[in-house]
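Descriptive structure summary
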Amino acid sequence: MRETLRTMARMCSLRFAFPAAVAISRAWRPVTIVGVILGGNANTPALADSATSSGTLSEIHLTDYTPLSSNMELARRMLSPLQAAELPKALAQKSERLSEQPVDLAQESFALYVPAREPPQGYGLVVFVLPWDAARLPDGWGPVLDEKGLIFVSAARSGNNQSAVGRREPLAVLAEQNVVNRYRIDPQRIYVAGFSGGSRVALRLALAYPDLFRGAVLNASSDPIGTATVHLPPKDLFLQFQEKAHFIYVTGDRDTARFAWDFASMHSLRDWCVFNVEYQTNNFADHEVMSPEALSRALDSLAKPIEADAGRLAKCRAGIDAELESKLRQVQSLISAGNREAARDILKDIDTRFGGFAAPQTLELESELDNPP
């Protein structure tokens, strides 16, 4: 725990354990420039796919910050309540202050693809998280984005070797907010997606920001939720996530190593009452970015209305509530009996499994343990 807090106190260095090396597929080869540089570095051109596209791909710099990407908001949504509560204490002990924002947008660049034709209801948006640092549009995706009327944005220097909470997640949120501020975007068609280690970040973003993202495409990597590395967000956000989240898993039919990961992740979502989950294969593919055809199928699935089953959701939620209440009563009983060590152990387990869903009860019990009468 002490090591965790030291790491949390350096939010800009906080990392999750993603694979550092990912094989670069042929889908990411450099190809022809079809766009213009907009406020970017002319020595670092943006790359477009080789297929015929009607839109414009550019390297851009963004300027607008949002409270949703602040360090404290990231901690509230991404960390467990007990971890987030310890962060100010750890900083105070070192006489340090947490910066307002984890990144300096003046130093960041993004790849932006905008279809030429805006749909009547406004553009959709795909925020894509990469496993490596170069921000590129995958080969062949341009025509698919044109057909669906979807803008694509991806941050540079957001690969597996970068901090998740300190860079990858806030950069994705900032990308979404800046595009929404600059274009007419249909809020029902804002998606987050990623490949390999980027897919694991996309899962965390969809979970923590259901108020931004209406769906997610998880390409070739995933995790269970409600664990020590994928905490549930505060209850109001998690209830929204249960009702509105729509997940499409896409993995190469030859990428057998990821099958177990995908099914463990999907099973976990259903255990937590998230039922709009679909599995698709990227045909004739190993561990590589999904093909344009696979992307098109995934986007078509996300565009379909969510199937709501109020009775099933209510029954599932009741089971979660009952489990949580039972564990909280167990902690309170142990505190009353004077067995504070056992109470604290169970409280930590609750914090890991239920995350923000169990707040403020877990914080109140923690305060009772720290301040005995």
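These numbers come from a predicted model, not from an experiment.

The tally for this structure, following the rule as stated, stands at 18 salt bridges. When the shortest N-O distance is used, the salt bridge between Asp300 and Lys148 registers 2.5 Å. Of this pair, Asp300 sits in helix α9 (residues 292-303) while Lys148 sits in helix α4 (residues 141-148), and the two are 152 residues apart along the sequence. Take Lys148: its relative accessible area is 15%, and that puts it in the buried class.

This part takes up the packing of helix α5 (residues 164-182) against helix α6 (residues 197-208). Relative to each other, α5 and α6 sit at 65°, their axes nearing to 10 Å. The hand of the α5/α6 crossing is right-handed. Note on element contacts: α6 touches α5 through Gly197, Gly198, Val201, Arg204 and Leu205, opposite Arg168, Glu169, Ala172 and Val173. Among the residues making up the contact of α5 with α6, the classes are represented as four nonpolar, two polar and three charged.

Turning our eyes to something else, we now look at the environment of Val274. Here Val274 is to be found in the loop between α8 (259-271) and β8 (277-282). Taking the C-alpha atoms as reference points, Val274 and Cys316, separated by 42 residues in sequence, lie 9.4 Å from one another. Residue contacts for Val274: discarding those within four places in its chain leaves Phe241, Gln242, Ala245, Phe247 and Leu269.

Once that is clear, we can look at the pairing of strand β5 (residues 185-195). Of all 11 residues making up β5, nine are buried, and the element is well covered by its neighbours. The sheet contact formed by strand β3 (residues 123-129) and β5 spans six bridges and is parallel. If you follow Val127 over to β5, its bridge partner there is Val192. Two elements, β5 and strand β6 (residues 215-219), share five bridges in a ladder whose sense is parallel. Across the sheet, Ala193 pairs through a bridge with Val217, a residue of β6. Viewed along the sheet, the connection from β5 through α6 into β6 turns out right-handed.

Here we come to the packing of aromatic side chains. Scanning the model with the defined rule gives 12 aromatic pairs in all. Summarising the aromatic geometry, the rings of Phe128 and Trp141 are spaced 5.1 Å apart at their centres and angled 75° between planes, so their arrangement reads as edge-to-face. Of this pair, Phe128 sits in strand β3 while Trp141 is found in helix α4, placing the two residues 13 residues apart along the sequence. A relative accessible area of 2% means that Phe128 is categorised as buried. When its relative accessible area of 1% is taken as the criterion, Trp141 is described as buried. Here Trp272 and Phe354 contribute two aromatic rings whose centre-to-centre distance is 5.6 Å and whose plane-to-plane angle is 90°, an arrangement assigned as edge-to-face. With Trp272 in the loop between α8 and β8 and Phe354 in helix α11 (residues 340-354), this residue pair connects regions lying 82 residues apart in the sequence. On the basis of relative accessibility, which here comes to 2%, the residue Trp272 falls in the buried class. One aromatic cluster in this structure is built from Phe238, Phe241, Phe247, Tyr249, Trp272, Phe354 and Phe357.

Here we take up the packing of α4 against α9. The interhelical angle for the contact between α4 and α9, taken along N-to-C directions, is 25°, at an axis separation of 9 Å. On the basis of the axis angle, α4 is roughly parallel to α9. Classified by chirality, the crossing of α9 by α4 is right-handed. Counting all contacts with α4, which are made through Trp141, Val144 and Lys148, the residues of α9 involved are Pro292, Leu295, Ser296, Leu299 and Asp300. Split by residue class, the contact of α4 with α9 holds five nonpolar, one polar and two charged.

Turning our eyes to something else, we now look at the nonpolar core. Core analysis: the biggest nonpolar cluster contains 71 residues, and Phe110, Leu205, Tyr209, Ile225, Phe241 and Phe247 have the highest contact counts within it. If you tally residues by element for this core, the top one is helix α10 (residues 310-336), at eight residues. Non-local contacts of Phe241, meaning those with residues more than four positions away in its chain, are made with Ala206, Leu207, Pro210, Ile225, Phe247, Leu269 and Val274. Core analysis: the next-biggest nonpolar cluster, separate from the first, contains 29 residues, Phe128, Phe152, Ala193 and Ala220 among them.

Parameters at a glance
Residues numbered from 1 in each chain as written. Predicted model: local features only at pLDDT ≥ 70, side-chain atom pairs only at ≥ 80, totals over all residues. Heavy atoms only, no water. Salt bridge = Lys/Arg side-chain N within 4 Å of Asp/Glu carboxyl O. Helix = DSSP H or I, 4+ residues; strand = E, 2+ residues; numbered from the N terminus. Buried < 20%, exposed > 50% of the residue type's maximum accessible area, 1.4 Å probe, protein only. Axes fitted to C-alpha atoms, helices over the stretch in contact; angles between N-to-C directions. Left-handed = near helix turned anticlockwise from the far one by under 90°. Contact = heavy atoms within 4.5 Å. Nonpolar A, V, L, I, M, F, W, Y, C, P; charged D, E, K, R; others polar. Pairing = 2+ DSSP bridges. Right-handed = clockwise from strand over helix to strand, strands pointing away. Phe/Tyr/Trp six-rings, centres within 6.5 Å; stacked < 30°, edge-to-face > 60°. Parallel < 35°, antiparallel > 145°, perpendicular 65-115°, else oblique. Core = buried A, V, L, I, M, F, W, Y, C linked by side-chain atoms within 4.5 Å.

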